[in-house]
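Structural overview for review
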Amino acid sequence: MGSLHDQLTLLQDLKVTVHHSCLIFPSQQTQKKTVFLSNIDQVLNFDVQTVHFFGAHKDFPQSQIVAEKVQDALAQILVPYDFLAGRLKLNPNTSRLEIDCNAAGAGFVVASSEYALDEIGDLVYPNSAFAQLVCTAMDSRILNPAAGDDHDQPLFILQVTTFKCGGFAMGISNNHTTFDGLSFRLFLDNLAAVAANKPLVAIPYNDRHILAARSPPHVPFLHPELQELKNMSTLDDLNPTVFEATQEELDFNIFRLTATDVARLKDKAKSTTASSSFNVVTALIWRCKALSSSSSSDDDEDVNYKRAASSSSSRESRILYAVDIRPRLKPPLPKAYTGNAVLTAYASAKCRELEEVPFSRMVEMVSEGATRMTDEYARSVIDWGELHKGFPHGEVLVSSWWRLGFADVEYPWGKPRYSCPVVYHRKDIILLFPEQQDMHEYSSSASPTNTTTMAGRAGAAGVNILVALPHKEMQKFQALFHKFLLDD
């Protein structure tokens, strides 16, 4: 139970060769316009890379057929998602980022690897070499041959990399201002539908004014989960935020919780009605992370539970986690809203309290953080962003890819064998990943009638927890993690 993922020897070079790079333009003329970006979008000006692995499919025996199919589908999907073919720009009058829908094109790359898909290792285990399956920047000569402008980068680049076994990977790099996880999932569903010559699953709702700040802004809450950056040039003088990289040497491990482990955690918290799978896993992470962090310079290698738990007991620990505000607003956001509609919830407590309170109380505190995210609280966060420049602030951020269901998307060539972000290890960001599906769920002969829902399968399955910490903290975290699971 709660096993550590086996440490594997990972391929450092997937031997990827790029054969073709180009810009893809909308298949139909689109309206030239400027897309307003909400205050949630404004702070997410960085790229997110995901990789979606597919096994060989009997109906797509030649690699170029898949590449051509994806290229054609991308051109079509850029019509309803016209902002993906645009460019990010700063409005000099408002000092706000906007998307210029100028049909400048999305990036498209065709590549191949010398390996078979089964030779590149466990897909669940984070491998920095997976970055070779994603193109993060197009050659300036492709963007603007005359000027050689390297600053006109697409907001969206898709790379198809084929493996010698007939399988392939679809690597996507997109600016986070374009999507959050839920809207990206809908985009993938729509891309798959277009590739299968089917109607869109849902027409995207692209108007982001619906999340504009109120006039005048009204901030009735304190928002300890946010930290204002009064002067960007003095960032080093501020307390660290979860977006900052660390210069420390980090160990990283994957802690695997089976469906049985998750059920046992729920049983530990049975005295509360808040014991969802996410809440109990997040509560476990919070306890282990808070009690493993220590400001002590003690070099003693003893990492038993009592000493780990007693360190910095008077310190306050704040855990951050994402909450979808779509159904929480009044009226609720359209389900097909394409922008970012996720805000950071939080729970705070002294480390001594986290050591002593029943697990059910910790689960309740996590749940209360989500419950706090009402329409008025969410609007207050958005208005705070109108008055201040800042970022989420806490000891640790739990970023969950567990229930997004990217591997449930049904393409003409089948469901992905696995879908994951390209991971860059961060000390204060802990990632939750789903388990890899069974072989029969993504085999080349899989039937498209297998329609297990995202919530149904994710709720029943286990979860992989990626943790990156300095060596001594990792030892403490691991000791705490396993001790708690073994305690009755």
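Residues numbered from 1 in each chain as written. Predicted model: local features only at pLDDT ≥ 70, side-chain atom pairs only at ≥ 80, totals over all residues. Heavy atoms only, no water.

Another aspect to go through is the sheet that holds strand E3 (residues 33-36). Within the open sheet, the three strands sit side by side as E3-E6-E5. Their pairing is antiparallel. A strand with exactly one partner marks an edge of an open sheet, and here the two such strands are E3 and strand E5 (87-91). The sheet shows a mean angle of 40° between the axes of neighbouring strands, taken without regard to direction. Looking at chain direction, E3 and strand E6 (residues 96-101) are connected through four bridges and run antiparallel. (Pairing = 2+ DSSP bridges. Helix = DSSP H or I, 4+ residues; strand = E, 2+ residues; numbered from the N terminus. Axes fitted to C-alpha atoms, helices over the stretch in contact; angles between N-to-C directions.)

This brings us to helix H10 (residues 375-387). Taking 1.5 Å of rise per residue, 13 residues should cover 18 Å, and H10 covers 19 Å from first to last C-alpha, within 8% of that figure. Burial analysis of H10 places ten of its 13 residues in the buried class, the great majority of the element. Of all the positions in H10, only Asp 375, Tyr 377, Ala 378, Arg 379, Ser 380, Val 381, Ile 382, Asp 383, Trp 384 and Gly 385 are classed as buried. Tucked into the core, H10 has its buried residues touching helix H1 (39-42), strand E10 (226-228), strand E13 (342-350) and strand E14 (390-392). (Expected span 1.5 Å × (residues − 1). Buried < 20%, exposed > 50% of the residue type's maximum accessible area, 1.4 Å probe, protein only. Contact = heavy atoms within 4.5 Å.)

This part is about the pattern of salt bridges. Enumeration over the complete set of coordinates arrives at 22 salt bridges. Put simply, Lys 33 and Asp 82 hold a salt bridge, and the shortest N to O gap is 3.3 Å. Of the two residues, Lys 33 is situated in strand E3 and Asp 82 in the loop between helix H2 (63-77) and E5; the sequence distance between them amounts to 49 residues. Between Arg 214 and Glu 376 there is a salt bridge, with the nearest N and O atoms lying 3.4 Å from each other. (Salt bridge = Lys/Arg side-chain N within 4 Å of Asp/Glu carboxyl O.)

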